Amino acid sequence: MTQRIYDSRAQAIVDFIPLEAGRVGLYVCGPTVQSAPHIGHLRSALVYDQMRRWFAATGHDVTLIRNVTDIDDKILDNARLAQAEQGSSEEWWALAYRVERVFSAAYDAIGVQAPTYEPRATANIREMVELIELLIERGHAYAAADGSASVYFDTASWPDYGALTRQQRDQMEDAADSEPVGKRDPRDFALWKAHHDGEPLTAAWPSPWGFGRPGWHIECSAMATRYLGEEFDIHGGGLDLRFPHHENELAQSQAAGHPFARHWIHNGLVNTGGQKMSKSLGNSLFAEDLLAQARPIVLRYFLGSAHYRSVLEFSETSLAEAETAFSRIEGFLERVAELPGFDTTTGDSDAGSAADRLPAAFVAAMLDDFAIPQALAAVHDAVRAGNSALAEGDAQLATHHGGEVSRMLDVLGLHPRDPHWAASNADTSNAESALGTLVDDLLAQRTRARADKDFATSDAIRDRLLSAGIALEDTPNGPRWSLT
């Protein structure tokens, strides 16, 4: 079967055929490191991690480039405000690096694999200048008329401007990334921004037009081309980046003569309490707070549970519901792991690649534009079938379903026995061990009471555990307990 994806430019589900067989080149717009990461940042990074893992599971060599925007008006503004209002001595570049490390830690916490390469904008200034020079040479960019060092993209020179979002140029809003001074048209956007008095000299680089810094849009065009070539498979990012950022990327790259991205993918945003999350509304959910409320693996489960193109709804009960759902999966794996011959790491010992042995429903879901909700439904179906097999004493069938669940979780980055999650579980292991000792002692008393036909004592122990939030299950291999 062929991989199908929703191409934002075509606005349709299309067949995905890599530019080079067996290889996938994927560029993802990474964070502007101005302030701490929020749930939207985590969701976006996770979406492309899921895609990357699926491409890898189906035998592709994936090159994923995720940039870091470490020079930007907002970074300079935040550093300046902190210096003025809080007496901070932190320079803009130190702020950017500190925040970048916070992003990296948050991504790592929820199991987002490191990109193949993570270029910083400040390390690719030369490539940006060269791209701007090419645009001027081809008649699609011009130096500001006021004599400053600013350079703008001439939107009127490019007939296809608006192709990504299907807008007519005369209906577009003015470019908000720079003042209209020196522009031929207020919709022209900045490729190079002149250095102004009062700005730190460390935030300016020499260029043929004078000292300044790159505009936001030219950064991604230059970095994508440098690391993936003039044409590559997929460009991804949040839905809020379609315009103007991705529209401008597409225009300037193709105006420079580069085919650029063959497909565009955009992930949906996050709503909190039925409202779009935004700083102006004060309803931002920061990564640090979310990680304090839920286990990292559960947070990953929740963030990846909706279709990537849909809005992710967050409520006060979201993480608790995700914990309950994921605990069912974990509980089944713990039970099936006790069966003889079951490999607790990969599921079983059958030969062949994991992708070849995945359930057909899971494969069909992933091939259909990465339909994660349907893929997770396949996981839960296998868990239910496996639990039924355990209840019926069919160890062979239970092991089979355990292997299916393990392989699907591996693809989704959710296998609880993956070494990545060991560190996040370490803090709770001592508490669980102490609790286990106490519960096991009570279970031993209950077993003796049942053997002596002292059912009143047996029931009292069961009720005592249940009132403490501990449920019991009597199995052929003895009683099992779990937190309700």
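Residues numbered from 1 in each chain as written. Predicted model: local features only at pLDDT ≥ 70, side-chain atom pairs only at ≥ 80, totals over all residues. Heavy atoms only, no water.

**Q** What should I look at first to understand the environment of Leu 228 in this one?
**A** Positionally, Leu 228 belongs in helix H5 (residues 216-228). Given a relative accessible area of 16%, Leu 228 falls into the buried group. For the pair Leu 228 and Trp 54, spaced 174 residues apart in the sequence, the C-alpha separation amounts to 20 Å. Ignoring anything within four residues of it in the chain, the contact list for Leu 228 reads Gly 25, Leu 26, Tyr 27, Thr 63 and Ile 65. (Helix = DSSP H or I, 4+ residues; strand = E, 2+ residues; numbered from the N terminus. Buried < 20%, exposed > 50% of the residue type's maximum accessible area, 1.4 Å probe, protein only. Contact = heavy atoms within 4.5 Å.)

**Q** Whenever I open this one, the confidence of the model for the chain confuses me. Can you help?
**A** Low pLDDT means the predicted coordinates in that region are not meant to be read closely. Of the residues in the chain, 91% have a pLDDT of 70 or more, and the chain-wide mean is 91. Note on residues 347-352: pLDDT is under 50 here. Beyond four places in sequence and across chains, it has eleven contacts. (pLDDT = per-residue confidence, 0-100.)

**Q** Whenever I open this one, the packing of aromatic side chains confuses me. Can you help?
**A** Describing an aromatic ring pair means giving the distance of the ring centres and the angle of the ring planes. Applying the stated rule across the entire model yields 14 aromatic pairs. A network of ring pairs unites the aromatic residues Phe 16, Phe 55, Tyr 308 and Phe 370 as a single cluster. The ring of Tyr 142 has Arg 184 lying over it, and the distance from NZ or CZ to the ring centre is 4.1 Å. Positioned above the aromatic ring of Tyr 6 is the side chain of Arg 309, whose terminal nitrogen or guanidinium carbon lies 4.3 Å from the ring centre. (Phe/Tyr/Trp six-rings, centres within 6.5 Å; stacked < 30°, edge-to-face > 60°. Lys NZ or Arg CZ within 6 Å of the ring centre and 35° of its normal.)

**Q** Got a minute to help me understand empty space enclosed by the protein in this structure?
**A** Empty space among the atoms becomes visible once a probe the size of a water molecule is rolled across them. If you walk through the whole model with that rule in mind, you get three cavities of 30 Å³ or more. If you add up the space inside the largest cavity, you get close to 60 Å³. If you go around the largest cavity, the residues you meet are Val 28, Ala 45, Tyr 48, Asp 49, Arg 52, Leu 64, Arg 66, Val 112 and Gln 113. Taken together, the elements giving at least two residues each to the lining of the largest cavity come down to helix H1 (39-57) and strand E4 (61-66). Top contributing element to the lining of the largest cavity by residue count: H1, with four residues. (1 Å grid on protein atoms, 1.4 Å probe; cavity = no way out; pocket = protein on both sides within 12 Å on 5 of 7 lines; lining within 4 Å. Points joined across faces, edges and corners; volume = space filled by probe spheres on them.)

**Q** Please clarify how helix H4 (residues 125-137) should be interpreted in this entry.
**A** Each α-helix turn comprises 3.6 residues. Residues three or four places apart therefore point the same way. Under the 1.5 Å per step criterion, the end-to-end length of H4 is 18 Å for 13 residues, consistent within 8% with the ideal 18 Å. When we look at burial in H4, the residues that qualify are Ile 125, Glu 127, Met 128, Val 129, Leu 131, Ile 132 and Leu 135. Looking at the buried residues of H4, the elements they touch are strand E5 (141-143), strand E6 (151-153), strand E7 (190-194), strand E8 (212-214), H5 and helix H6 (242-255). Once H4 finishes, Gly 139 follows within two positions and takes phi at roughly 85°, a positive value. (Expected span 1.5 Å × (residues − 1).)

**Q** How should I be thinking about unusual backbone geometry in this particular structure?
**A** What is expected of a backbone is that most residues other than glycine have negative phi and most peptide bonds are trans. The peptide bond linking Phe 243 to Pro 244 adopts the cis configuration, its omega dihedral lying at 5°. When you line up the elements, Pro 244 lands in helix H6. One non-glycine residue, Arg 166, lies in positive phi territory at about 55°. Structurally, Arg 166 is set in the loop between E6 and E7. By relative accessible area, which is 52% here, Arg 166 ends up exposed. The phi angle at Asp 369 is positive, at roughly 60°, despite the residue not being glycine. Structurally, the position occupied by Asp 369 is in the loop between helix H10 (360-367) and helix H11 (372-391).

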